[in-house]
Amino acid sequence: MAEDLKKGYPRNPAGAMKRFCQFLKLNQETVDQYKYWHDRRNIWQEIPEGIRRAGIIDMEIYVINDTAFMILETPVDFNWDESFGKLAGYERQSEWEDFVSQFQITADGRRSDEKWELVERIFSLDESLK
């Protein structure tokens, strides 16, 4: 498995974007279930469709031990509060948040943007080389 991780994940950049990084803690006993429900074959189809409709170009979630790490890529003009407000109102979104809460260490009934903690970027190779 570790060797597979060293192959990386191919990306197809779509031009100028903003990136947001977030994390949250998972219940150690249910990490495998959390991964199962986020697999493209098992996720409720309304969820990724709503994420895209809210203006998010791409979203990836990575897991290590009991921590999930999310990367969001958005258009440069993306408005965090407005977009997550829209997302919260989409079909099955609140039901999904309640469902995945059983795998997360967070208060039930919270929106996605309230559960995940934004991470501060402290280094950028591109900016360092300018």
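Parameters at a glance
Note that residues are indexed from 1 along each chain, following the sequence as it is written. At least 70 in pLDDT is required for a residue's local features to be given in this predicted model, at least 80 for side-chain atom pairs to be given and counted, and no such filter applies to totals for whole chains, interfaces and linings, which use all residues. Side-chain figures throughout are based on the complete set of non-hydrogen atoms in the structure, without hydrogens or water. Only DSSP runs of H or I with at least four residues qualify as helices, and only runs of E with at least two residues qualify as strands; both kinds are numbered from the N terminus onward. The contact rule is simple, with two residues in contact once any of their heavy atoms fall within 4.5 Å. With a 1 Å grid spanning the protein atoms alone, the term cavity applies to any set of points in which a 1.4 Å probe fits but cannot get out, the term pocket to an open set with protein on both sides within 12 Å along at least five of seven lines, and the term lining residue to any residue with an atom within 4 Å of a point. Grid points are joined across faces, edges and corners, and a volume is the space filled by probe spheres set on the points. In the scheme used here, Gly and all other residues not listed as nonpolar or charged are polar, with Ala, Val, Leu, Ile, Met, Phe, Trp, Tyr, Cys and Pro taken as nonpolar and Asp, Glu, Lys and Arg as charged. Angles run from 0 to 180 degrees between N-to-C directions of axes, and those axes are lines fitted to C-alpha atoms, restricted for helices to the stretch in contact. To sort the angles, those under 35 degrees are grouped as roughly parallel, those over 145 as roughly antiparallel, those from 65 to 115 as roughly perpendicular, and the leftovers as oblique. When a residue's accessible area, from a 1.4 Å probe over protein chains only, is under 20% of the maximum for its type it is buried; when over 50% it is exposed; and in between it is partly exposed. Two strands make a pair as long as DSSP finds a minimum of two bridges between them.

Taking an unreviewed UniProt entry as the reference, the protein chain is identified by name as L-rhamnose mutarotase belonging to Dysgonomonas capnocytophagoides.

Trainee: An account of the environment of Ile 47 is requested, with residue identities and associated values reported.
Mentor: Looking at the element boundaries, Ile 47 is found in helix 3 (residues 46-53). A sequence separation of 44 residues divides Ile 47 from Glu 91, and the C-alpha atoms of the two residues are 8.1 Å apart. Look past the residues within four positions of Ile 47 in its chain and what remains in contact with it is Arg 92, Gln 93 and Trp 96.

Trainee: Which residues make up the layout of surface pockets, and what are the values?
Mentor: Its volume calculated, the largest pocket comes out at about 1000 Å³. Surrounding the largest pocket, 31 residues form its lining, His 38, Met 59, Glu 60, Ile 61 and Tyr 62 being those nearest its centre. If you list the elements that add at least two residues to the lining of the largest pocket, you get helix 2 (31-38), helix 3, strand 2 (58-64) and helix 5 (93-101). Broken down by element, the lining of the largest pocket gets its largest block of residues, 6 residues, from strand 2. Met 17, Arg 19, Phe 20, Cys 21, Val 119, Glu 120 and Arg 121 are the residues that line the second largest pocket. Its residues assigned to classes, the lining of the second largest pocket comprises 4 nonpolar, no polar and 3 charged.

Trainee: How would you explain the packing of helix 2 against helix 5 if you had to name every residue and give the values?
Mentor: Where helix 2 contacts helix 5, the axes come no closer than 10 Å and their chain directions differ by 155°. Looking at the two axes, helix 2 sits roughly antiparallel to helix 5. Across from Tyr 34, Trp 37 and His 38 in helix 2, the residues of helix 5 making contact are Trp 96, Phe 99 and Val 100.

Trainee: Please give an account of the pairing of strand 3 (residues 67-74) that cites residues and values.
Mentor: With respect to burial, strand 3 is a largely interior element, 7 of its 8 residues being buried. Pairing geometry for strand 1 (residues 18-25) and strand 3, over 8 bridges, is antiparallel. If you follow Leu 24 over to strand 3, its bridge partner there is Ala 68. Sheet topology places strand 2 next to strand 3; 7 bridges connect them, and they run antiparallel. From the neighbouring strand, Tyr 62 faces strand 3, where its bridge partner is Phe 69. In sequence, strand 2 turns back onto strand 3 through a hairpin of 2 residues, with Asn 65 there showing a positive phi of about 55°.

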